[in-house]
Amino acid sequence: MKNPRQAVLHNVQLLFLLIFFVAGSSSAGSEFENRHHNRDRHHDRDRHHNGDGDQITQPKFVNPPQESSIGGILDTELVVNRHEKVVAGRRVLLRSYNGLYIPQTLRVNPGDTLYLRLINKLSDDLLEHTNLHTHGWNVSPQPGSDDIFMQVPADGQFNYSISVPDNHPQGLYWYHPHGHLPQLNPDAPTRGNTEFQIMSGMSGGLIVDGILDPFPELKGIQEQILLLKDIQITDEGTIPLQIDSNAGTTRMVNGLVNPRMKIRPGELQFWRVGNIGPDIYYKLTLDRHEFFQIARDGNRQNRIWRREEILLPPSSRVEFFVRGEKPGIYTLRTQALTTGPAGDQYPEATLATLVSSGHPDHTMRIPRNLPPVEDFRDAQPIPPGKRRSFVFSEDNDGNSFFVNEKQFNINRVDFTVPVGFIEEWTIQNVTKEFHVFHIHQTDFQVVEINGVQQEFIGHQDTVNIPFQTGDVPGEVKVLIDFRDPIIVGKFVAHCHIGAHEDNGMMAVVEVINN
């Protein structure tokens, strides 16, 4: 779906972009050339032959750079600036963290504290406000923590202190900006710059370690972190100001186009896959392999889910085991997908190549049983007044987006929720394209999709909402956990397609003490 930005936003951004393109800094050397050193992925390539006998060059897969907590503390910084980098074989002017298109993946343990200095070196431009959201973390939304209402202006900085609870779910998360543009009229809709900044490179991985701790027999398993991004580059070597999610785009794994991965026949690997781009979906398949899913959105499930195909809406994550097939070359793909009559049409694309070779390795087995997970349906009856409706809609042009017929306003609270309860929310989609429901600070359980009861396997923080068919809205019912007092404060729920949230499809939720 096309997303033309507001004319005033376009003109002002274009002016500043031209100014800073001339004055922008150029960063030489390897993409990993900073204090978090790693070898240069772009010089680590192999040659092999395709089916026509032509010799081709292919990058080797490597995990993202990583930084881990020590003694319960992760003290780090992210510097936002313009950098000219080579991405997908082309030079492009990015806004990125620490000069990296794929910045460091931050790893913590339950009970740790993340101290993070966000330094905004983008020049004096009101459109370059930014901030940081720890997507999926069940942490405080109060000022100084995961507060998306606070903005770091150009040439400013902010020190975050985010405490990870002792009982925090262990798994894959991600971080990204959640910026909002300044408002001259406090009653007007609040616009955002999240889509543009994420497309420009501003997103990275987060891991709360310990998901495999219940399975000591898997110690030493090969972990593969696959962070999925796509990029659109103009003829001038910039990110387009008017991003069209239905336009041609280059999909990458860890910033690499079709990297070569290795596995031995019979070898068991643990793959952690996150869709950390701004807008598009992935529909994952791997030739002649199955995915043995263990977690969704950082939440370990109550059983292994054996799958041949996985749909990853924007912002969602999935973790699974892969067992190497007999020697051969296999393709990890995203299959062709249409997101609705008014949505986007994505062609099939190759994401990575998996080469199975070497001595067979059958030393590790997939766990038979996973620890139990709380079924919210058994927790307590839904009390009166704890059932709510959340309706996604858009205008006829598909350029303005709404929640319950209102556009996002940072100064208005849309849902006031007393702490201490599980609530049932009915998410409806009255448009002709997919939307992606996401709520900050907590997780939910999907109990019904288009009237069909869903088997319980675990919790998540994103879910795809089907488009309307005829006069019947797409509908998903979820049980949302508002019991933990740590989430008292203001945060948001929204569609996680960047163009949609930036243009109104977001609401403010305030959890209050009774």
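Every value quoted in this text rests on a predicted model; they were computed, and no experiment measured them.

Cut-offs applied
- Residues numbered from 1 in each chain as written.
- Predicted model: local features only at pLDDT ≥ 70, side-chain atom pairs only at ≥ 80, totals over all residues.
- Heavy atoms only, no water.
- Helix = DSSP H or I, 4+ residues; strand = E, 2+ residues; numbered from the N terminus.
- Contact = heavy atoms within 4.5 Å.
- Areas by Shrake-Rupley, 256 points an atom, 1.4 Å probe, with all protein chains shown as cover.
- Phe/Tyr/Trp six-rings, centres within 6.5 Å; stacked < 30°, edge-to-face > 60°.
- Buried < 20%, exposed > 50% of the residue type's maximum accessible area, 1.4 Å probe, protein only.
- Pairing = 2+ DSSP bridges.
- Axes fitted to C-alpha atoms, helices over the stretch in contact; angles between N-to-C directions.
- Salt bridge = Lys/Arg side-chain N within 4 Å of Asp/Glu carboxyl O.
- Core = buried A, V, L, I, M, F, W, Y, C linked by side-chain atoms within 4.5 Å.
- Polar contact = N/O pair within 3.5 Å; in protein donor to acceptor, adjacent residues only side chain to side chain.

With that settled, consider the overall build of the protein. When you go through the protein residue by residue, the secondary structure sums to 3 helices and 35 strands. For the protein, the proportion of contacts with a sequence separation of at least 24, taken over those separated by at least 6, is 78%. A total accessible area of about 19900 Å² is found for the protein, and carbon and sulfur atoms account for 49% of it.

Let us look at the packing of aromatic side chains. Applying the stated criterion across every chain, the model contains 15 aromatic pairs. Judged by centre distance (5.7 Å) and plane angle (55°), the rings of Y97 and Y175 are tilted. Linking Y97 in strand β5 (residues 90-97) with Y175 in strand β10 (residues 171-176), this pair joins segments that are 78 residues apart in sequence. The buried category is assigned to Y175, whose relative accessible area is 1%. Centroid distance F390 to F415: 5.6 Å. Interplanar angle 20°. Geometry classified as stacked.

Spatially, 5 strands are ordered β27-β35-β34-β29-β32 in an open sheet, and the strand pairing comes out mixed. In this open sheet, the two edge strands, each paired with only one partner strand, are β27 (415-418) and β32 (462-465). When the angles between neighbouring strand axes are averaged without regard to direction, this sheet yields 25°. As defined by bridge partners, strand β29 (residues 435-439) adjoins strand β34 (residues 489-495) across 3 bridges and the pair is classed as antiparallel. Within β34, the position partnered with F437 by the bridge is C495.

Even without being glycine, D297 reaches a positive phi, approximately 55°. Structurally, the position occupied by D297 is in the loop between β17 (291-296) and β18 (299-307). Residue classification places D297 among the buried positions, given a relative accessible area of 0%. Despite not being glycine, N404 has its phi angle at roughly 50°, a positive value. When you line up the elements, N404 lands in the loop between β26 (401-403) and β27. Residue classification places N404 among the partly exposed positions, given a relative accessible area of 32%.

Glancing now at the pattern of salt bridges. Overall, the coordinates contain 25 salt bridges when judged by the stated rule. D209 is the partner of R107 in a salt bridge, and the nearest nitrogen-oxygen pair spans 2.7 Å. With a gap of 102 residues between them, R107 in strand β6 (residues 105-108) and D209 in the loop between β11 (204-208) and β12 (222-231) connect regions that are remote in the sequence. Through salt bridges with shared partners, a single ionic network connects R107, D209, E223, R272 and E319.

Turning next to the nonpolar core. Formed by 57 residues in total, the largest nonpolar core has its most connected members in W271, F390, W425 and F437. Residue contacts for W271: discarding those within four places in its chain leaves Q224, L226, M261, L286, V318, E319, F320, V322, L332 and L354. Of all hydrophobic cores here, the second largest spans 23 residues; its members include L74, Y97, L132 and M202.

Here the focus is the environment of G385. Along the chain, the position of G385 falls in the loop between β24 (349-356) and β25 (387-394). Its relative accessible area of 60% is what places G385 among the exposed residues. The spacing of G385 and E423 is 38 residues in sequence and 8.8 Å in space, taken between C-alpha atoms.

Position of E67 among the secondary structure elements: in strand β3 (residues 66-68). In terms of polar contacts, E67 uses its side chain to reach the side chain of T76, at 2.9 Å.

What follows covers the sheet that holds strand β31 (residues 452-453). Taken together, the 6 strands give an open sheet; going across it, the order is β26-β25-β28-β33-β30-β31, and neighbouring strands pair in mixed fashion. Strand pairing shows two members of the sheet lacking a second neighbour, β26 and β31, which therefore form its edges. Here strand β28 (residues 421-429) runs beside strand β33 (residues 474-482); their pairing, made up of 9 bridges, is antiparallel. Paired with I422 across the two strands is D481, which belongs to β33.

Turning our eyes to something else, we now look at the side chain of Q293. Counting through the fold element by element, Q293 comes out in strand β17. Here Q301 takes part through its side chain, which lies 2.5 Å from a polar atom of the side chain of Q293. Those residues in contact with Q293 that lie beyond four places of it in its chain are Q301, R303, I304, W305, R307, I310, V318, E319 and F320.

Topologically, G474 is positioned in strand β33. In sequence terms G474 and I449 are 25 residues apart; their C-alpha atoms lie 8.1 Å from each other. Leaving out residues up to four positions away in the same chain, G474 has contacts with I427, Q428, N429, N450, I465, P466, F467 and Q468.

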